[in-house]
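Structure at a glance
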Amino acid sequence: MEASKNYDYIIAGAGAAGLSMAYYLLNHAIFCTKKILIIDQTQKVANDRTWCFWEKGSGLFEPCVTQQWQSLYFASPEWSAIVNTAPYHYKMIQGKDFYAFCWAKIKQYANVDVVYDHVESITNDGLVHCTNDIFWGNTIFNSALYEIAKEESKHHLLQHFKGWYVVFESPILDTNIATLMDFDVEQHGDCRFVYVLPTSPFKALVEYTVFSKSLLHEVDYEKALQIYLNQKFPNQSYQIEHTEFGVIPMTNATIKALHNGESIIAIGTAGYASKASTGYTFAFIQRQCQQIIAHLENENKQKINLRATIKFQFYDSVLLNVIATHKFEGWKIFSRMFKKLPTPLVLKFLNEETKWHEDIQIMASVNFWSFTKAAFQEIKAAIKIFSKAKKNLQPLE
Ligand SMILES: Cc1cc2nc3c(=O)[nH]c(=O)nc-3n(C[C@H](O)[C@H](O)[C@H](O)COP(=O)(O)OP(=O)(O)OC[C@H]3O[C@@H](n4cnc5c(N)ncnc54)[C@H](O)[C@@H]3O)c2cc1C
């Protein structure tokens, strides 16, 4: 089969990762002149998600930031406090602003083609097979096609949430403080909390979030949001302006996407950007894009590794193990971390930027026996997988 058109770069999937990648390429003196194709099955314009993340200083997508905070409220039955995140800012970007910002840039370049079509497959010879056409790319960035392997020895949690943008009748919100995790909600044997992200004295995104193996019924998220709002803001009437719903995989399982040398690069959730133990993805996508640009600048022909280091993969597995097997309650883990440690250190750790001596401080803050048991189980599971793989590689006598 022949491609109808050839490109230097094909971006398959124009969501957070694909559009970030396009923006990074077009922001670069050399790569902005390349022939680029962006493919998505739909034209994304709706405000379908809100991204929060923390960073120091200004990032590339600073013009899209709706609101940012350096004071975060953390609440649990054990401990509640307003903590300071400096030098980090906790930032919020709304989907609609991000999409508009990226597309405004893309439209300035005549060398970028856009196709709305369903990607059926991407083959190792660089062909992207869509329902209506076939394209060839020298390098393909794939955030559209992936599958999470159903490995039994791995943890398969979901982070699922429903968010309401609520508008109160009175100006009751303090826009300087965002609620990062409010565990003052029924846990039902899971790890459940609420975010409250005020964007004006009247308006906030209130998001009910659950870490568990399966989703709730829609009505359960809504009931929980109603109860929370009535408890925290009694006698205040509000309108729901907009809603969002999301599911993010929290897993240490293999993500089966196409990673073939330097020519097909999986990015975004397909490329392990969703941190297994927290679900935070946006900041890791930005890091991936920066790594890819450096890789392309060096004309590096080796396979690029965008996955977390072995150290952070191990920490994620241990934390997932503790939460998934109920060795220690999720709310207590986060509560003790934030209580015992400086907030910037916790954020640095969750951003996978800490050094060994800082990791030791983090480990000292959590429940020793639960985490030690989980660590041994994860090491044992890894040895088992390694031995099985080695056995499968034995030559036949
Ligand atoms: C509601 C919601 C809120 C979130 N909030 C946060 C947050 O606060 N902070 C954070 O760090 N992360 C958050 N996340 C997680 C993560 O940042 C997002 O899921 C992010 O959008 C992942 O980026 P992505 O590019 O991998 O996937 P997507 O943004 O989903 O993009 C994938 C694109 O591929 C397209 N596509 C898929 N299949 C095909 C196909 N076969 N052919 C053609 N196109 C295809 C889709 O249409 C889509 O445009 C949130 C997720 C959701 C759903």
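What counts and what doesn't
- Residues numbered from 1 in each chain as written.
- Predicted model: local features only at pLDDT ≥ 70, side-chain atom pairs only at ≥ 80, totals over all residues.
- Helix = DSSP H or I, 4+ residues; strand = E, 2+ residues; numbered from the N terminus.
- Rg over C-alpha atoms; globule rule 2.2 N^0.38 Å.
- Buried ≥ 20, exposed ≤ 12 C-beta atoms within 10 Å, placed from the backbone.
- Contact = placed C-beta atoms within 7 Å.
- Axes fitted to C-alpha atoms, helices over the stretch in contact; angles between N-to-C directions.
- Parallel < 35°, antiparallel > 145°, perpendicular 65-115°, else oblique.
- Left-handed = near helix turned anticlockwise from the far one by under 90°.
- Nonpolar A, V, L, I, M, F, W, Y, C, P; charged D, E, K, R; others polar.
- Near = placed C-beta within 6 Å.
- Domains from an automatic or database assignment.
- Pairing = 2+ DSSP bridges.

When helices and strands are tallied, the protein shows nine helices and 19 strands. Since a compact globule built from 397 residues should have a radius of gyration of about 21 Å, the 22 Å found for the protein is in line with a globular shape. On the principal axes, the C-alpha backbone points of the protein span a range of 65 × 60 × 40 Å. The 397 residues of the protein split such that 39% are buried. Residue pairs at least 24 apart in sequence account for 75% of intrachain contacts in the protein once pairs closer than 6 positions are excluded.

Below, the discussion takes up the packing of helix H1 (residues 16-26) against helix H4 (residues 282-297). Between H1 and H4, the least distance of the axes is 10 Å, while the angle of their chain directions is 40°. By the angle class used here, H1 and H4 are oblique. The handedness of the crossing between H1 and H4 comes out as right-handed. Taken together, the residues of H4 that come into contact with H1 (itself represented by Ala16, Ala17, Ser20, Met21 and Tyr24) are Phe282, Ile285, Gln286, Cys289, Ile292 and Ile293. Here the residues of the contact of H1 with H4 are counted per class, giving nine nonpolar, two polar and no charged.

Lining the immediate environment of the ligand, one finds 30 residues, of which Gly13, Gly15, Ala17, Gly246 and Gly268 sit closest. Sort the elements by how many residues they give to the shell around the ligand and strand E3 (residues 50-56) lands first, with four residues. Residues that form the shell around the ligand fall into these classes: 14 nonpolar, 12 polar and four charged. Counting contributing residues per domain, the shell around the ligand is built from domain 1 (5-65 + 95-150 + 253-297) and domain 2 (156-251), each supplying no fewer than three.

On to the sheet that holds E3. Spatial strand order, E3-E7-E4: three strands in an open sheet with antiparallel pairing. Edge positions in the sheet fall to E3 and strand E4 (65-69), since each of these pairs with one other strand and no more. Across the sheet, the axes of successive neighbouring strands diverge by a mean angle of 25°, strand direction being ignored. In this structure, E4 lies alongside strand E7 (residues 88-94), joined through four bridges in antiparallel fashion. In the strand pairing of E7, Gln68 is matched with Lys91.

Here we come to the sheet that holds strand E5 (residues 71-75). Within the open sheet, the seven strands sit side by side as E6-E5-E14-E15-E16-E13-E17. Their pairing is mixed. Either end of the sheet is taken by a strand with one partner, and the two such strands are strand E6 (80-84) and strand E17 (238-251). Each neighbouring strand pair of the sheet contributes to a mean axis angle of 20°, computed without reference to strand direction. In terms of strand pairing, strand E13 (residues 156-168) meets E17 through 13 bridges, oriented antiparallel. Within E17, the residue paired with His160 across the bridge is Val247. Strands E13, strand E15 (191-198), strand E16 (203-212) and E17 of the sheet are contacted by helix H3 (residues 218-232), whose axis makes an angle of about 130° with E16. Seen against the sheet, helix H6 (residues 330-340) touches E5, E6, strand E14 (177-182), E15 and E16 and runs at an angle of roughly 50° to E15.

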